[in-house]
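Each chain, letter by letter, is given below.
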Amino acid sequence: MNKPILFKLARQNIKKNSRYTFPYILTCIGTIMMTYNVSAIRDNIEGMWGAQYIQSYMVIGLMVIAIFSVVFLLYTNRFVINQRQKELGLYTVLGMEKSHVCMMVILESCLMFLLSLIIGLFLGILFNKAMLMLLFKLMHVSQAARFSISIQSIISTTAIFGTILCITIFSNVINVVRKNPIDLIHAQNEGEKEPKSNILITLIGLISLISGYYMAVTVKDVINAVLLFFVAVFLVIIGTYCLFTSGSIAFLKLLKKNKHYYYKSKHFVSLSGLIYRMKQNAVGLGNICILSTMVLVILNSTLTIYLGVDRNIRNRYPNDYGYYFRNYSANERESIYSTIENEIEKNGGVDNLVSYTFYDYLMESDEIQTLNHLFNEEYLGITVLPLSSFNKMTNQSISLSENEILLYEKYHSVNLQELTLRGKTFQVKDIRYTPFVVGRDYADISSTYYVVIDDSQLDSLNINKDTDLSYYIGMDSGESLGKTVDSITQSLITLTENFEEREGSNSWYYGEDKEVNREDVMALYGGFLFLGIFLGSLFMMATVLIIYYKQITEGFQDKKRFEILQKVGMDRKEVKQTINDQVLMVFFLPLLTAIIHTCFAYPMVKKILSAIALGSVQQYFLCALIITFCFVLIYACIYKLTAHAYIKIVEEKI
Amino acid sequence: MSLLEVKRCKKTYTARFGNQQVHALKNINFSVEEGEYVAIMGESGSGKTTLLNILATLDKLSGGEILLNGNDLTKLKEKDMAAFRRENLGFVFQDFNLLDTFNNKDNILLPLVLSKKSVKEMNERIKPLTKKLAIEDIINKYPYECSGGQKQRIAVARALITKPQIVLADEPTGALDSKSTDSLLEMFEEVNKDGQTILMVTHSVKAASHAKRVMFIKDGEIFYQLYRGSLTTEKFYQKISDTLTILTSGGGEIE
């Protein structure tokens with residue numbers, strides 16, 4: 001058989017089967033485009049501020065996309081080739097040798113690959129600039145996007161998809177070689193056994209889902225949340241698959257047992273149809289469900305983090321520039337303060353200069369006990385503020401007697417009568433006060449309790465007023481701050497060298513610049529959101545495609561059934577109603593489950609988010625609401641479009 | 001009055017492009033009395049399946065009228081058709097047309113469920129049927145677990161459960177081996193003895209020889225009729241066979 005004919009056949013086959021091949025090519029183009037983009041972004045932002053974060057994200061992104069592409073393209077390829085079994089069988093029957101069919105299949109795969117690669121890379125290069133601009137906008141970087149075609153990325157993209165091509169060709173050839181022509185022709189007509197529900201699997205599914213949910217809801221603190229997050233995710237995934245495959249069938253069979261429910265024209269056909277549908281589609285629907293949950297959780301959390309960034313910076317860095325000093329004596333603190341004051345005056349002053357002392361340590365476990373009935377956490381930090389500092393920072397003039405303290409937590413107020421700290425019991429004074437939090441504590445992932453105590457009582461907590469206290473000096477100023485800070489730093493170096501060495505002292509200090517950190521954080525979180533959007537759209541694309549292919553396959557399978565139903569005396573309206581019932585249930589089940597998953601993920605995600613950067617609860621809810629709404633809308637649109645394709649197939653020639 | 005009257009029946013297909021017309025049915029006139037067992041024979045393309053589809057209200061006439069118990073089928077409204085089919089007609093097809101998603105019992109009950117009958121009535125109706133058709137053993141199995149003969153029995157049960165005025169059978173033995181064919185035909189005869197009217201389309205002489213009357217259709221017209229009278233099945237078989245030979249070899253003109 002000569003090459004031109006094979007080539008012509010391959011080309012025709014792709015065109016003729018466009019119902020299957022078109023979405024497949026589209027997927028290839030999409031994944032190629034994304035792969036190129038992620039890779040090219042990594043190259044194009046080389047040397048930019050915050051580039052290291054984005055680059056490491058993009059490496060993760062690239063890995064996710066690569067793994068995903070392999071799995072997903074193989075899945076769709078399998079689907080396409082399965083639909084064509086009969087056609088391939090026919091070629092053999094008509095006298096083509098198996099080697100010819102193989103050649104033809106290989107040619108087809110190569111043609112589709114080449115087409116997708118060219119278009120995918122072209123679109124990728126085209127969109128790369130837009131992507132970079134979006135990224136820069138999210139990162140609040142003003143510089144115009146540098147834009148160049150990355151040869152390296154083209155090569156690596158081609159390599160990744162070349163490998164995938166080889167795998168698909170391999171699996172297709174195996175498929176052709178292993179089956180004889182009659183098998184190929186009859187492949188689609190294999191009779192189906194009635195699905196059986198496995199009680200064990202249903203139970204396993206129920207147990208893992210419930211324990212996953214339980215874990216998420218009862219998680220105690222951030223550290224546990226981070227540790228258990230993937231365990232919970234894993235359990236929920238297992239639970240979803242088990243319940244979709246076995247639980248759903250068990251449930252439907254239970255309904256079927258109820259004779260008076262089952263033998264109603266409304267339920268009769270849909271119910272038994274659904275049992276079969278669930279059997280064939282359980283895994284696919286599970287995929288859709290998991291992917292949708294991922295989209296929702298990723299987008300929710302990245303958006304919340306991103307939107308919370310300003311408030312976070314404000315909390316974490318209350319001043320434009322701040323110094324933290326640790327373990328300096330009272331005298332040393334004084335000379336530090338005067339040195340800084342001097343330098344500021346020399347450089348033209350600042351808008352605002354604040355200073356306060358505090359003491360922080362991790363709580364002993366028995367001390368935590370007394371607080372435990374309030375917050376069920378294993379790790380607690382405590383920050384002791386001398387009353388003088390507290391009054392100064394909050395502009396109040398509260399006075400405390402010997403045994404009295406003020407008590408509050410970083411994020412919430414605390415209702416407690418008395419508190420035992422380091423062996424001494426204090427009365428908690430109940431008055432209205434404005435909480436004040438040390439900026440640095442916002443970065444702590446655990447809860448931090450604040451104890452305000454009269455300066456004279458510090459001794460009773462074994463705190464040496466002279467050496468144990470930390471010291472903060474912060475200043476706000478306009479643009480000339482940089483020069484001031486430079487000269488302060490210079491004089492601090494000479495100053496601290498002159499302090500006498502105390503025994504066992506490990507005094508140190510550091511300064512932090514709000515603007516520098518803001519840029520850093522923006523790069524970090526902007527990149528985070530970017531990746532979130534990126535992966536979100538990737539998973540979305542997968543969801544769309546799975547749904548589309550499902551509808552098409554089912555359309556062909558159901559066609560015959562509905563023909564029979566019409567012959568036996570079901571009218572068109574009833575047929576349509578039945579189709580709608582089935583399709584609706586099958587396609588909105590994963591969406592509903594995904595939304596439930598997302599709700600249960602909330603407590604855990606909230607804890608983790610509060611560690612990274614707490615956006616407010618309302619903000620998270622708002623994000624979740626908007627994103628879920630958009631998602632449902634998109635999902636419904638896809639459903640509508642594909643259901644149309646489905647009904648068209650079913651009604652063909654009836 | 002006859003149960004079924006077909007008068008001046010015409011069916012013309014027009015090619016989708018161009019205006020070439022094909023006359024599938026030209027001028028069909030016949031009637032079926034209550035309790036009759038009629039076979040329609042003819043070669044492929046003679047128009048017999050078209051005729052059956054029209055009787056089944058699955059296809060529409062180009063001209064003429066069909067009366068079932070005095071009601072004109074051609075005047076039925078689209079939305080009433082499904083219900084009419086369900087309540088007045090029973091179908092047996094060559095390829096059984098059973099649904100794999102239902103077990104045999106549910107397949108049989110399907111028309112009753114669609115007619116919104118109560119569960120109690122369903123049970124009352126299905127019991128004597130399973131006994132008569134000897135399908136008690138397979139009633140809870142699935143169609144894919146059954147042989148062709150068993151499947152066709154289920155299909156017959158489905159056709160009979162609505163107590164239809166007339167059973168329309170389209171090549172009911174076409175996909176069966178000889179043993180199953182024999183037992184199915186016997187079953188048809190028995191059902192007919194109980195008063196069930198049957199109209200069967202076939203090109204199997206054997207199947208037709210069990211009927212009381214055989215009509216031959218050729219090129220869209222009823223060409224010839226044979227009544228069994230008091231002939232045995234074997235004799236009738238011979239007669240049909242002879243008629244067919246004449247029909248196919250010389251179009252009825254004796255040279």
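Reading the values: rules and limits
- Residues numbered from 1 in each chain as written.
- Chains lettered and ligands numbered in written order.
- Predicted model: local features only at pLDDT ≥ 70, side-chain atom pairs only at ≥ 80, totals over all residues.
- Heavy atoms only, no water.
- Pairing = 2+ DSSP bridges.
- Helix = DSSP H or I, 4+ residues; strand = E, 2+ residues; numbered from the N terminus.
- Contact = heavy atoms within 4.5 Å.
- Axes fitted to C-alpha atoms, helices over the stretch in contact; angles between N-to-C directions.
- Salt bridge = Lys/Arg side-chain N within 4 Å of Asp/Glu carboxyl O.
- Buried < 20%, exposed > 50% of the residue type's maximum accessible area, 1.4 Å probe, protein only.
- pLDDT = per-residue confidence, 0-100.
- Buried area = accessible area lost by both parts, 1.4 Å probe.
- Core = buried A, V, L, I, M, F, W, Y, C linked by side-chain atoms within 4.5 Å.

A. How the structure looks around the sheet that holds strand β2 (residues 21-32) of chain B. All names here are of chain B. Ordered by their spatial adjacency, four strands build an open sheet running β2-β1-β4-β5, and the pairing between neighbours is antiparallel. In this open sheet, the two strands that pair with only one neighbour each are β2 and β5 (71-72). Bridge count between strand β1 (residues 4-14) and β2: eight bridges; the pairing is antiparallel. Residue Lys11 lies in a different strand from β2, and its bridge partner there is Leu25. Lying on the sheet, helix α1 (residues 48-55) is in contact with β1, β2 and β4 (63-68); it crosses β2 at an angle near 65°.

B. Quick peek at the pattern of salt bridges. All names here are of chain A. According to the stated counting rule, one finds 17 salt bridges over all chains in the structure shown. Arg84 is the partner of Glu108 in a salt bridge, and the nearest nitrogen-oxygen pair spans 2.6 Å. Taken as a pair, Glu108 in helix α5 (residues 98-139) and Arg84 in the loop between α3 (51-83) and α4 (85-93) lie far apart in primary sequence, 24 residues in all. Neither Glu108 nor Arg84 differs from the other in exposure class; each is buried. Residues joined in a network through salt bridges with shared partners are Arg84, Glu87 and Glu108.

C. Focus on the confidence of the model for chain B. For chain B, per-residue confidence averages 86 on the pLDDT scale, and 96% of positions sit at 70 or higher. Overall fold confidence (pTM) sits at 0.72, and the ipTM for the predicted complex is 0.78.

D. Highlighting the sheet that holds strand β3 (residues 380-386) of chain A. Residue and element names in this part refer to chain A. Read from one edge of the open sheet, nine strands run β5-β6-β4-β7-β3-β2-β8-β1-β9, paired in mixed fashion. Edge positions in the sheet fall to β5 (418-421) and β9 (508-513), since each has one partner strand and no second. Taking the axes of each pair of neighbouring strands and ignoring which way they run, one obtains an average angle of 30° across the sheet. Two strands pair when backbone bridges link them, and β3 and strand β7 (residues 447-453) are joined in this way by seven bridges, in the parallel orientation. Bridging across to β7, Ile382 finds its partner in Tyr449.

E. View of the interface of chain B and chain A. Each partner contributes residues to the interface: chain B has 28 residues there, and chain A has 26 residues. Here chain B packs against chain A, burying approximately 2500 Å² in sum over the two surfaces, 64% of which is carbon and sulfur. It is Thr101, Leu114 and Tyr144 of chain B in chain B that bury the most area against chain A; as a group they hold 22% of the surface buried on that side. Where chain B meets chain A, there are two salt bridges.

F. Representation of the pairing of strand β3 (residues 37-41) of chain B. Residue and element names in this part refer to chain B. Of all five residues that make up β3, five are buried, and the element is covered over most of its length. With burial as the criterion, each face of β3 is covered, one bearing Tyr37, Ala39 and Met41 and the other bearing Val38 and Ile40. The pairing of β3 with strand β8 (residues 197-202) spans five bridges and is classified as parallel. Looking across to β8, one finds that Tyr37 is bridged to Ile198. Bridging between β3 and strand β9 (residues 213-218) involves four bridges; their strand directions are parallel. In the strand pairing of β9, Met41 is matched with Phe216.

G. Molecular detail of the pairing of strand β10 (residues 221-227) of chain B. Residues and elements named next belong to chain B. As judged from the six bridges shared by β9 and β10, these two strands associate in the antiparallel manner. Residue pairing in the sheet places Met215 in a bridge with Gln225 of β10. In sequence, β9 turns back onto β10 through a hairpin of two residues, with Asp219 there showing a positive phi of about 50°.

H. Here's a closer look at the nonpolar core. If you look at the biggest cluster of nonpolar residues, it comprises 159 residues, and the most contacted ones within it are Ile41 of chain A together with Leu110, Phe188, Val214 and Ile240 of chain B. If sequence neighbours within four positions are ignored, Leu110 of chain B has contacts with Phe268, Val269, Leu565 and Val568 of chain A together with Leu99 and Phe102 of chain B. Residues Val6, Ile54, Leu68 and Phe93 of chain B belong to the second largest nonpolar core, which totals 29 residues.

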